[in-house]
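Below are the chains, spelled out letter by letter.
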Amino acid sequence: MELVEHLKNLSQNAYGKLDVKSAAAVIFGDNCWYTGVNILIGDMYTSAIENAIYAAVAEGYRKLNYIVVYFDTEKTVEMDDFSEECISLMHEFGIHEIILTNKNNQQKVVNI
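The sections below set out a description of the structure shown in this document. Values in this document were obtained by computation on a predicted structure and should not be read as measured data.

**Quick look at the overall build of the protein**
A tally of regular secondary structure across the protein gives three helices and seven strands. Listed by position from the N terminus, the elements making up the protein come as α-β-β-β-β-α-β-α-β-β. Since a compact globule built from 112 residues should have a radius of gyration of about 13 Å, the 13 Å found for the protein is in line with a globular shape. Based on the C-alpha atoms only, the size of the protein along its principal axes is roughly 30 × 30 × 25 Å.

**A word on the nonpolar core**
Membership of the largest hydrophobic core comes to 23 residues, with the highest contact counts inside it found for Ile49, Ile53, Ile67, Phe82, Met90 and Ile98. Looking at this core, the elements with two or more residues in it are strand S1 (22–28), helix H2 (48–58), strand S5 (66–71), helix H3 (84–92) and strand S6 (97–102). Sort the elements by how many residues they give to this core and H2 lands first, with five residues. Setting aside chain neighbours within four positions, we find Phe82 in contact with Ile49, Phe71, Val77, Ile87, Ile98 and Leu100. Formed by 13 residues, the second largest nonpolar core is a distinct cluster that contains Leu7, Ala25, Ile27 and Val37.

**Observations regarding a nonpolar patch on the surface**
On the surface, Tyr15, Ile41 and Met44 cluster together into a nonpolar patch covering about 330 Å² of accessible area. With respect to the secondary-structure elements, Ile41 resides in strand S3 (residues 39–41).

**Some remarks on the layout of surface pockets**
What the largest pocket holds in volume is close to 390 Å³. Contributions of two or more residues to the lining of the largest pocket are made by H2 and S5. With three residues, the single largest contributor to the lining of the largest pocket is H2. Residues that form the lining of the largest pocket fall into these classes: ten nonpolar, five polar and five charged.

**Notes on the pattern of salt bridges**
One pass over the structure, following the stated rule, counts two salt bridges. Note that Asp72 and Lys103 form a salt bridge whose closest N and O atoms lie 3.7 Å from each other. Here Asp72 is found in the loop between S5 and H3, whereas its partner Lys103 is found in the loop between S6 and strand S7 (107–111), with 31 residues between them in sequence. Between Lys108 and Glu78 there is a salt bridge; the shortest N-O distance is 2.4 Å. Remark: Glu78 occurs in the loop between S5 and H3 and Lys108 occurs in strand S7; sequence separation between them is 30 residues.

**Focus: the environment of Asn9**
In this structure, Asn9 sits in helix H1 (residues 2–10). Note on Asn9: relative accessible area 54%, which makes it exposed. Between the alpha carbons of Asn9 and Val20 there is a distance of 14 Å; along the sequence they are eleven residues apart.

**Some points on the side chain of Glu50**
Residue placement: Glu50 occurs in helix H2. Residues in contact with Glu50, not counting those within four places in the same chain, are Cys86 and Leu89.

Here is what the cut-offs are and how they apply
- Residues numbered from 1 in each chain as written.
- Predicted model: local features only at pLDDT ≥ 70, side-chain atom pairs only at ≥ 80, totals over all residues.
- Heavy atoms only, no water.
- Helix = DSSP H or I, 4+ residues; strand = E, 2+ residues; numbered from the N terminus.
- Rg over C-alpha atoms; globule rule 2.2 N^0.38 Å.
- Core = buried A, V, L, I, M, F, W, Y, C linked by side-chain atoms within 4.5 Å.
- Buried < 20%, exposed > 50% of the residue type's maximum accessible area, 1.4 Å probe, protein only.
- Contact = heavy atoms within 4.5 Å.
- Patch = residues over 30% accessible without salt bridge, like charges linked within 9 Å, V, L, I, M, F, W, Y side chains within 5 Å.
- Areas by Shrake-Rupley, 256 points an atom, 1.4 Å probe, with all protein chains shown as cover.
- Salt bridge = Lys/Arg side-chain N within 4 Å of Asp/Glu carboxyl O.
- 1 Å grid on protein atoms, 1.4 Å probe; cavity = no way out; pocket = protein on both sides within 12 Å on 5 of 7 lines; lining within 4 Å.
- Points joined across faces, edges and corners; volume = space filled by probe spheres on them.
- Nonpolar A, V, L, I, M, F, W, Y, C, P; charged D, E, K, R; others polar.

Printed below as a string of structure tokens:
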């Protein structure tokens, strides 16, 4: 998947002393997307998902289809790893499906 490779490269732009770097793409329309990476500054953290949604919303998009998230880890990522705020944000903009992938190319589709 071309998008996953793009996210893998993009995750290296994550900012701060992070245990795991990540990058996300929110998909809308005909395979158009906005991306984001996770950022940690002091105690302030924003996830790649949040930053990708904020980028899409800033450009005027309100109905988003789904999200693809790449995690630079071999660990399998679970939905328990996401904050309530992040899940609420996805629901607010109509996202009900998330595709999780990691550096082992494991992919998991989760309905939220």
